[in-house]
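One letter stands for each residue in the lines below.
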Amino acid sequence: MKDLIDDFIELFRSNLLNPPEAGTYFRPRPYRNAAVRLRNCSIQDFKTRRKMVEEDACLNPFMFRADMIPGCDLLSDSGTTTMTMDQWAAMLLGDEAYGSNQGYFELRDQIGDTFGPEWEGGKHKNLFIFHQGRAGENAFFSILSRNLQKSESGGKALCDDLNPGLRERLEARIRSLSARTGGSREPYYIIPSNSHFDTTEGNIENNWLIPLNLPCKEHKENDQRYPFRGNMDLDELRNLLDCEQHRVPLVYLTITNNTGGGQPVSMENIRNIHRIAGERNIPFFLDACRFAENAWFIKNNEDGYQNKEIREIVHRMFDQADGFHISLKKDGLANIGGAVVLSSHSLLTRKFPDFPGQLTDYQIMTEGHPTYGGLAGRDLKAIVEGLRTVVRPEYLSARIGQVGRFGRKLAGDGIPIIRPVGGHAVYIDVDKFFDGTAEDGDFKGISLTALMLIAGHRLCELGLYAFGKYDGEKEIPPDPRMNYVRAAVPRLAYEDQDLFSAAEAISLLYSNRDKIPPVNVDYGRELNLRHFKSKYSFKI
Ligand SMILES: *Cc1c(COP(=O)(O)O)cnc(C)c1O
């Protein structure tokens, strides 16, 4: 029999199903604060901050003291996670033995548990730990390149059947890489991906391989109707492999697609890539930094997965792959760490049986004994616990829900952002933000991040400055053009109130966008990776 109390329960439940929008929603966070860091500074200290932004940091957010940020530090979601008490507790039990510490064995087991049994290794050597993702990338691609160069058939012209658009992009890549040797040598092997992350791309190029992005057509459409804008364009992949299979040692896929706004990749796309690559005996690898967030999007937005557990979806995603690399500073929920992992049935190790041994040698030369890979034993413990936590559905719903609310708040205020909002960040479209204002200066994204710092929040320019180049006379904008300011949300660190205060500052700047001054670049315009190092001043 239903009674009066049941009526109340139903009332509570209906509120959960139809939460009123942001701020007053009924659903509490699935965690509570167990330790907090009081600020060293006040949001009111605008004058002090202006001085620090202009004089000490020279408008460069990377150079601004983090402890003087009173608001949200949205520079990156990498290594910025607030760890759980279980992680801190596990760290105290860190085993700091030089070889074969306890954390290593726990991590091996946890990799099998999180990603699926074929990743567990056992006798088969499959887990290669590094201090962060890019160290693993460099190890992986330098060894791959060394193995490939032995068999390079080289110097052949590109096949006539290559789609014109694809051909053009590929030729541009080859030209820009050859320019490094004054045109005397052409790179041969191609690593296609939905979109390579910037460090991945850098490591591929540094090892004389050609990174090639094949984002799906919807990728460029800023449209809510496409929930999987991170997908790879399968027609382009097929065309590339039909024409240039001998040049493609490996197909890569970034989940979620960070460069494209943190957009997810569908299970269907993952399966199809696996099939297309598998038919041709080409290994398929994942850049798995945000694997759990990607699985959450599959569960919520792809037909047939609503009733599956996140862990099961992760297993299915990884069933398709021959290997992956991961920055454990992202969905490892840890502050440091990275890994390269080879599946027990990896096509790559079948092709190159020495590969695992070569990775081990690399680790010993650069990171230390392979059982700690540049990390303290306590870090390994934190990572094990992080990999256990990150697939918990209530954690993921809170995480991705929060980023979504932050995005909707901005969109509601008319701020042009990439939609749908991805898993870890909100991307502001700088071209649209400043549309209609005076065309005086290229780097309004830099002006925006500098003013946001003075307001008390830190964002990151990922646009004409970060991705463009200066040839000594003129600017060469990125192709395709990308001009964003990113607000990356650290995991478990902020409450909505904090993010909404950042959104309010962005809205104030948007309302006054015609008054935002351009900047002078005072130092570093011509440097490689210039956005990390440059100095600017307001043109006022
Ligand atoms: C962060 C990241 C990397 C590099 O990892 P680090 O730990 O920062 O070196 C590679 N790929 C993607 C998609 C990333 O987001």
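Here, every reference points to the structure presented above.
Since the model is a prediction, treat every value here as computed from it, not as a measurement. (Residues numbered from 1 in each chain as written. Predicted model: local features only at pLDDT ≥ 70, side-chain atom pairs only at ≥ 80, totals over all residues. Heavy atoms only, no water.)

Student: Before we go on, may I ask you to explain the side chain of R530 in this structure?
Tutor: You can see R530 is positioned in the loop between β13 (519–523) and β14 (535–538). Of note is the side chain of R530, whose polar atom sits 3.0 Å from the side chain of E475. (Helix = DSSP H or I, 4+ residues; strand = E, 2+ residues; numbered from the N terminus. Polar contact = N/O pair within 3.5 Å; in protein donor to acceptor, adjacent residues only side chain to side chain.)

Student: Before we go on, may I ask you to explain the packing of helix α8 (residues 234–244) against helix α9 (residues 267–279) in this structure?
Tutor: The packing of two helices is summarised by the inter-axis angle and the distance between the axes. Closest axis-to-axis distance for the α8/α9 pair is 11 Å, and the angle between their directions is 10 degrees. When the axes of α8 and α9 are compared, the pair comes out roughly parallel. Judged by residue contacts, L234, L237, R238 and L241 of α8 engage N269, N272, I273 and I276 from α9. (Axes fitted to C-alpha atoms, helices over the stretch in contact; angles between N-to-C directions. Parallel < 35°, antiparallel > 145°, perpendicular 65-115°, else oblique. Contact = heavy atoms within 4.5 Å.)

Student: What is the right way to read the side chain of D77 from this model?
Tutor: Mapped onto the secondary structure, D77 falls in the loop between α2 (46–56) and α3 (85–92). Of note is the side chain of D77, whose polar atom sits 3.0 Å from the side chain of R290.

Student: When you look at helix α7 (residues 198–206) in this model, what are you seeing that I'm missing?
Tutor: In an α-helix, one turn spans 3.6 residues, which is why side chains three or four residues apart end up on the same side. What α7 keeps buried is the set T199, T200, E201, N203, I204 and E205. At its buried positions, α7 is contacted by α5 (133–149), α6 (164–178), β2 (190–193), β3 (210–213), β5 (284–287) and β6 (323–327). Looking one or two places after α7, you find W208, whose phi comes out positive at around 65 degrees. (Buried < 20%, exposed > 50% of the residue type's maximum accessible area, 1.4 Å probe, protein only.)

Student: Help me out: how do you make sense of the site of the ligand in this one?
Tutor: Around the ligand, the surrounding shell holds 16 residues, and the nearest of these are G133, R134, D287, S327 and K330. Here an oxygen atom of the ligand sits 3.0 Å away from a polar atom, N or O, in the side chain of N258. One nitrogen or oxygen atom from the side chain of D287 is found 2.7 Å from a nitrogen atom belonging to the ligand. Protein contact buries 98% of the 370 Å² of open area that the ligand shows by itself. Of all the elements in the fold, those that place two or more residues in the shell around the ligand are α5 and α7. For the shell around the ligand, the element with the highest residue contribution is α5, accounting for three residues. Of the residues contributing to the shell around the ligand, the split by class is two nonpolar, eight polar and six charged. (Near = heavy atom within 4 Å. Areas by Shrake-Rupley, 256 points an atom, 1.4 Å probe, with all protein chains shown as cover. Nonpolar A, V, L, I, M, F, W, Y, C, P; charged D, E, K, R; others polar.)

Student: It is not clear to me how the sheet that holds strand β8 (residues 425–429) should be interpreted in this structure. Could you clarify?
Tutor: Strand pairing in a sheet is mediated by backbone hydrogen bonds. Such pairs are either parallel or antiparallel. Read from one edge to the other, the open sheet built from three strands follows the order β8-β12-β9, with strand pairing classed as antiparallel. The open sheet has two free edges, formed respectively by β8 and β9 (460–462), since each of these has just one partner strand. Each neighbouring strand pair of the sheet contributes to a mean axis angle of 30 degrees, computed without reference to strand direction. Note that β9 and strand β12 (residues 484–488) share three bridges and pair antiparallel. Note on β12: the bridge partner recorded for C460 is R486. (Pairing = 2+ DSSP bridges.)

Student: It is not clear to me how the sheet that holds strand β1 (residues 127–130) should be interpreted in this structure. Could you clarify?
Tutor: One open sheet holds the five strands; their spatial order is β1-β7-β6-β5-β4, and the pairing between them is mixed. Either end of the sheet is taken by a strand with one partner, and the two such strands are β1 and β4 (251–254). Recorded for the sheet is a direction-independent mean angle of 15 degrees between the axes of neighbouring strands. Two strands pair when backbone bridges link them, and β5 and β6 are joined in this way by three bridges, in the parallel orientation. Within β6, the position partnered with L286 by the bridge is F324.

Student: Could you clarify how one ought to interpret unusual backbone geometry in this entry?
Tutor: Most peptide bonds take the trans configuration, and most residues that are not glycine carry a negative phi. Cis rather than trans, the peptide bond between I255 and T256 has omega equal to -20 degrees. Take T256: it is sitting in the loop between β4 and α9. Along the chain, R419 connects to P420 via a cis peptide bond; the corresponding omega equals -5 degrees. Relative to the assigned elements, P420 resides in the loop between α15 (393–412) and β8.

Student: How do you make sense of the environment of R275 when you look at a structure like this?
Tutor: Looking at the secondary structure, you find R275 in helix α9. R275 sits in the partly exposed class, given a relative accessible area of 40%. Once the C-alpha coordinates of R275 and S346 are considered, the two residues, 71 residues apart in sequence, prove to be 14 Å apart.

Student: Help me understand the packing of aromatic side chains, please; the structure alone is not making it clear to me.
Tutor: Scanning the entire structure with this criterion turns up 25 aromatic pairs. The interplanar angle of 80 degrees and the centroid separation of 5.2 Å between the aromatic rings of Y98 and Y372 together place this pair among those described as edge-to-face. Pair noted here: Y98 is in the loop between α3 and α4 (102–115) and Y372 is in the loop between α13 (355–366) and α14 (377–389), with a separation of 274 residues, a long-range link. On the basis of relative accessibility, which here comes to 16%, the residue Y372 falls in the buried class. Plain terms: the ring middles of F291 and F318 are 6.0 Å apart, the flat faces sit at 85 degrees to each other, and that makes the pair edge-to-face. Taken together, the residues F291 in helix α10 (residues 291–301) and F318 in helix α11 (residues 310–319) connect sequence positions 27 residues apart. Neither residue differs from the other here; F291 and F318 are each classed as buried. An aromatic cluster of at least three residues, connected via ring pairs, comprises F115, W119, F291, F318 and F324. (Phe/Tyr/Trp six-rings, centres within 6.5 Å; stacked < 30°, edge-to-face > 60°.)

Purely geometric numbers; function is a separate question.
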